[in-house]
Amino acid sequence: MKIKNIAIVGGSGAVGMVQSWILAAAGHTVTIVSSRTQGSQRLVQLQKHGGITFHCPEFDDIAQSLPETGLSRDSFVKKFVGIKPVQLRMEKYLDQEGFTSDELISKVQLEQLIREAMKIPIGPHLNVANHVKNIEIPQDYIAVTVKATGLTKLLAQHINTIPQLPNTPVATFVNGLMPWFRPEPDFGGMRLPALHNQYEYVETLGLNRSMGGIIIKYGAVADAPGLSRVKTPVQNARTVIGPVASVEITPQLLKIKDLYESAGLSVLLPVSDRGIAQIMFEKLALNMLNSPAAIFGRNIGELLDDSLTREVVVNAVNELYEIAKTQAVYLANSRDSFIKDLLSKLENVRPLIPSTLQDIEAGRPTEKDAILRAVIDLGKKTGVHTSYLERIYELLAEIEHQALVDRTQVQPFRDKVLALLSQAAKSSKHPFLAANFTVRSIF
Ligand SMILES: NC(=O)c1ccc[n+]([C@@H]2O[C@H](COP(=O)([O-])OP(=O)(O)OC[C@H]3O[C@@H](n4cnc5c(N)ncnc54)[C@H](OP(=O)(O)O)[C@@H]3O)[C@@H](O)[C@H]2O)c1
């Protein structure tokens, strides 16, 4: 039996809305679960909007390339909308509106069409629930897209409903080092303290039906009530999914793969422990830019253009590279070639504002433990120097504290950090670790 009914817990957030839209557009029945008690009350706003609207960079390309005279309906759909669920949705809408195959679509019509066709209203394919306990039973699959920081509360909320869904697979898409990652046997049997809430979550659910998910190249943004957007082309997005307890390709796992593929998303299955570790460390290398971006208040381009902040990023990635090696993960032939390649890839995403910086700007707690602390823990246990990562963590924790307590203090703190760093650069080759650049002197 194929998966038909899906609950997306955290479905009113950035990743959750994209997954909900894409799966509903492909004809599945999706229940978006969010909590009214959360600060932003996104579910309430989404209900007001009456559904989810989707936007991706491909739409802007269509608008740019469409000649004023227009294209026929069919060539418009086939030539420009290469994303399967978008194509399905657009075709259905054009049929419903009575557009014939050779009818021309003009630039003026286009904007209207995209706006109307891309809205999936709350209705037969899209339901909402304001609490996990209100998910209708049965569900064939549950995707959890809350942040790492929300898992403890979520577990407390649905602990009583778990027995009602004994066999339903639950995949958790949380960024960072994942609890399903088993460190090399030499360093084995260990738990990383920073992932405590994640171990607790997957173990309470039951390891037999817990899946871990990694999403790559998504760039999902929850713009406003019900407005879902991806900043990078959907066609490049990859979903990696695998069971927490083993690396077997189970029938359950294949069903989930089919589900995402039916919606046109590309799925990778970990074929071995090392395979999943490789993907996870590649993603972690990108995450190493998140915290410096939040500390210095800079997007990727700004971070790399300034030699002072670039040095911080490069050394953080160096330390990660060494930690990966202890886990038999070789990110490239050499550390230098890995960094060079990474930096050149980052040139394509210069305007990107990493999620940790977004969290600080919005006064939300960051995912610093899953993204950074867990990596430092692993470094410590495997004997790798983590001086840069530790200092980054300390500064991020302080910035986060300022952002939560009094946001007006964040920028003055950043200014002070930068002033002290450039002063330290006059006397040290590694100003970020220099004695005259200490966290204590910043406070
Ligand atoms: N955005 C991306 O492109 C991207 C890419 C790769 C990985 N990731 C990772 O994916 C995860 C989700 O990220 P995101 O950007 O989608 O975060 P997000 O926009 O904050 O979405 C999380 C959603 O979960 C909701 N939520 C929190 N606790 C809940 C609960 N107990 N019950 C139901 N809903 C709950 C939140 O509601 P409230 O806001 O009301 O609390 C929010 O709508 C993170 O680990 C992130 O690092 C994201």
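Definitions and cut-offs
- Residues numbered from 1 in each chain as written.
- Predicted model: local features only at pLDDT ≥ 70, side-chain atom pairs only at ≥ 80, totals over all residues.
- Heavy atoms only, no water.
- Near = heavy atom within 4 Å.
- Polar contact = N/O pair within 3.5 Å; in protein donor to acceptor, adjacent residues only side chain to side chain.
- Areas by Shrake-Rupley, 256 points an atom, 1.4 Å probe, with all protein chains shown as cover.
- Helix = DSSP H or I, 4+ residues; strand = E, 2+ residues; numbered from the N terminus.
- Pairing = 2+ DSSP bridges.
- Axes fitted to C-alpha atoms, helices over the stretch in contact; angles between N-to-C directions.
- Contact = heavy atoms within 4.5 Å.
- Expected span 1.5 Å × (residues − 1).
- Buried < 20%, exposed > 50% of the residue type's maximum accessible area, 1.4 Å probe, protein only.

Chemist: Can you help me understand the site of the ligand in this one?
Modeler: Around the ligand, the structure places 27 residues, and the nearest of them are Val15, Ser40, Gln157, Ala220 and Glu367. A distance of 3.1 Å separates an oxygen atom of the ligand from a polar side-chain atom of Ser12. Gln157 places a side-chain nitrogen or oxygen 2.7 Å from a nitrogen atom of the ligand. Isolated, the ligand exposes 900 Å² of accessible area, and the fraction of that covered by the protein chains is 89%. Broken down by secondary-structure element, the contributors of at least two residues to the shell around the ligand are α1 (14-25) and α7 (151-158).

Chemist: Please clarify how the sheet that holds strand β10 (residues 210-216) should be interpreted in this entry.
Modeler: Sheet strands pair by backbone hydrogen bonding; their relative direction is either parallel or antiparallel. Across the sheet, which stays open at both edges, the eight strands sit in the order β7-β2-β1-β8-β9-β10-β13-β14 with mixed pairing between neighbours. For this open sheet the edge positions go to β7 (126-129) and β14 (266-268), each flanked by a neighbour on one side alone. In this sheet, adjacent strand axes meet at a mean angle of 25° when their direction is disregarded. Against the sheet, α1 makes contact with β1 (5-9), β2 (29-33), β7, β8 (141-144) and β10, and its axis sits at roughly 165° relative to β1, the strand it touches most.

Chemist: How do you make sense of helix α13 (residues 307-326) when you look at a structure like this?
Modeler: Every α-helix winds through 3.6 residues per turn, so residues three or four apart in the chain are directed the same way. The end-to-end C-alpha distance of α13, which contains 20 residues, comes to 29 Å, matching closely the 28 Å that a straight helix rising 1.5 Å per residue would cover. The element α13 is largely enclosed, with a buried count of 15 among its 20 residues. The backbone nitrogen of Leu308 has a side-chain oxygen 2.9 Å away, supplied by the residue at the start of α13, namely Asp306. In the stretch just after α13, Ala328 is the one whose phi turns positive, near 60°.

Chemist: Whenever I open this one, the environment of Tyr388 confuses me. Can you help?
Modeler: Note that Tyr388 resides in helix α17 (residues 387-405). Distance in space between the C-alpha atoms of Tyr388 and Ser334 is 20 Å, their sequence separation being 54 residues. Once residues within four sequence positions are removed from consideration, Tyr388 is found in contact with Glu311, Val312, Asn315, Ala316, Glu319, His430, Phe432 and Leu433. Of note is the side chain of Tyr388, whose polar atom sits 2.9 Å from the side chain of His430.

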